Amino acid sequence: MNQVAAALELIDRALRSKGARLVAVSKYQTDERVMMAYDAGQRIFAENRVQELLAKKARFPSDCEWHFIGHLQSNKVRMLLPAVGLIHSVDSETLLEQINRESQRLGIVTRVLLQVHIAQEAHKFGLKAEEVLPLLNRCANGEFVGTRVGGLMGMASLCEDERQIGKEFSGLSALFSDAKDLYGTRLADFKELSMGMSGDYPIALQYGSTMIRLGSGVFQPDDAQQ
Ligand SMILES: *Cc1c(COP(=O)(O)O)cnc(C)c1O
């Protein structure tokens, strides 16, 4: 068994008891490694650049689902929409409005998650926690018929402090629960909590993540263990 398949098997075991799914982050990886994951059964992949997502989608088998996880520039929205299975990184109200408008123009419904800023670092994108419920209220009132809001996404601080990471994931998880309580019946698809990367996914799973996004931990498992 190759290294990628072996890593996937271990991750799968950790996920199965939790009912969460793996999004394999294929950015910067060689086609050969991505294909190893495909051959091992992985079908959901993610990219953080629009051109790269479009190129990979064209090269890989058509039963792959391509997710977008990067900051989405407004001039790339139209290009991305027909190709993408889920956008994890809707980080502003303006972007949601634009995705909605373009989706309606294309006659499609785009699945999105709202990205919430939970880390201490100032440079990371995302909605402020207090912006989330008002925006979901607009969604629940039917203002965004070109999108389907599937849940929330967040990235914890890039640090070794497990207590800090736990605090951030726990905060996002609480916001997710509140949102589900308030809008779950009107937003039937609101059920995904995308949190956890290679360095912190065990903590994210403790706090109810339903989708972990792993790059190095899948494709370079040896490096990741160092
Ligand atoms: C790159 C990236 C990941 C994967 O990071 P790893 O540490 O390699 O697992 C997950 N989420 C986002 C938003 C990313 O940009």
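Just so we're clear, the structure is a prediction, and the values are computed from it rather than from any experiment.

## With respect to the site of the ligand
So, step 1. Taken together, the neighbourhood of the ligand is formed by Val 25, Lys 27, Ile 69, Met 155, Met 197, Ser 198, Arg 213, Leu 214, Gly 215 and Ser 216.
So, step 2. Between the ligand and Lys 27 there is a distance of 2.8 Å, counted from an oxygen atom to a side-chain nitrogen or oxygen.
So, step 3. A distance of 2.9 Å separates a nitrogen atom of the ligand from a polar side-chain atom of Arg 213.
So, step 4. Within the complex, the protein chains bury 84% of what would otherwise be the 390 Å² of accessible surface of the ligand.
So, step 5. Placement of the ligand is best described as lying within the largest pocket.

## A closer look at the layout of surface pockets
So, step 1. Here the largest pocket is characterised by a volume of approximately 790 Å³.
So, step 2. Taken together, 31 residues make up the lining of the largest pocket; nearest its centre are Lys 27, Lys 124, Met 155, Leu 158 and Met 197.
So, step 3. Secondary structure elements with two or more residues in the lining of the largest pocket: strand S6 (147-155), helix H7 (162-183) and helix H8 (201-206).
So, step 4. Counted by class, the lining of the largest pocket contains twelve nonpolar, twelve polar and seven charged residues.

## Overview of the packing of aromatic side chains
So, step 1. All told, the structure shown has three aromatic pairs when counted by the stated rule.
So, step 2. For Arg 43, the ring lying beneath its charged end belongs to Tyr 38, and the centroid distance is 3.6 Å.

## Looking at the packing of helix H1 (residues 3-16) against helix H2 (residues 31-39)
So, step 1. Contact geometry for H1 and H2: axes closest at 8 Å, N-to-C directions at 45°. Taken together, the axes of H1 and H2 lie oblique to each other. With respect to the hand of their crossing, H1 and H2 are arranged in right-handed fashion. Taking contact as the criterion, the partners of Gln 3, Val 4 and Leu 8 in H1 are, on H2, Arg 33, Met 36 and Ala 37.
So, step 2. Tallied by class, residues from the contact of H1 with H2 come to four nonpolar, one polar and one charged.

## Looking at the pairing of strand S2 (residues 44-47)
So, step 1. Burial of S2 is two-sided: the residues Ile 44 and Ala 46 facing one way and the residues Phe 45 and Glu 47 facing the other way are all buried.
So, step 2. Pairing of strand S1 (residues 21-25) with S2 involves two bridges; the strand directions are parallel. Within S2, the residue paired with Val 25 across the bridge is Ala 46.
So, step 3. Taken together, S1, H2 and S2 constitute a β-α-β crossover, and its handedness is right-handed.
So, step 4. Considered for its hand, the β-α-β crossover made up of S2, helix H3 (residues 50-59) and strand S3 (residues 65-68) is right-handed.

## Here we look at the packing of helix H5 (residues 93-106) against helix H6 (residues 129-140)
So, step 1. Running from N to C, H5 and H6 point in directions that differ by 20°, and their axes come no closer than 11 Å. One way to sum up the angle between H5 and H6 is to call them roughly parallel. Judged by the twist between their axes, the crossing of H5 over H6 is right-handed. Contact residues: Glu 93, Leu 96 and Glu 97 in H5; Leu 135, Arg 138 and Cys 139 in H6.
So, step 2. In the contact of H5 with H6, the residues fall into three nonpolar, no polar and three charged.

Parameters at a glance
- Residues numbered from 1 in each chain as written.
- Predicted model: local features only at pLDDT ≥ 70, side-chain atom pairs only at ≥ 80, totals over all residues.
- Heavy atoms only, no water.
- Near = heavy atom within 4 Å.
- Polar contact = N/O pair within 3.5 Å; in protein donor to acceptor, adjacent residues only side chain to side chain.
- Areas by Shrake-Rupley, 256 points an atom, 1.4 Å probe, with all protein chains shown as cover.
- 1 Å grid on protein atoms, 1.4 Å probe; cavity = no way out; pocket = protein on both sides within 12 Å on 5 of 7 lines; lining within 4 Å.
- Sits in = over half its atoms within 2 Å of the grid points.
- Points joined across faces, edges and corners; volume = space filled by probe spheres on them.
- Helix = DSSP H or I, 4+ residues; strand = E, 2+ residues; numbered from the N terminus.
- Nonpolar A, V, L, I, M, F, W, Y, C, P; charged D, E, K, R; others polar.
- Phe/Tyr/Trp six-rings, centres within 6.5 Å; stacked < 30°, edge-to-face > 60°.
- Lys NZ or Arg CZ within 6 Å of the ring centre and 35° of its normal.
- Axes fitted to C-alpha atoms, helices over the stretch in contact; angles between N-to-C directions.
- Parallel < 35°, antiparallel > 145°, perpendicular 65-115°, else oblique.
- Left-handed = near helix turned anticlockwise from the far one by under 90°.
- Contact = heavy atoms within 4.5 Å.
- Buried < 20%, exposed > 50% of the residue type's maximum accessible area, 1.4 Å probe, protein only.
- Pairing = 2+ DSSP bridges.
- Right-handed = clockwise from strand over helix to strand, strands pointing away.

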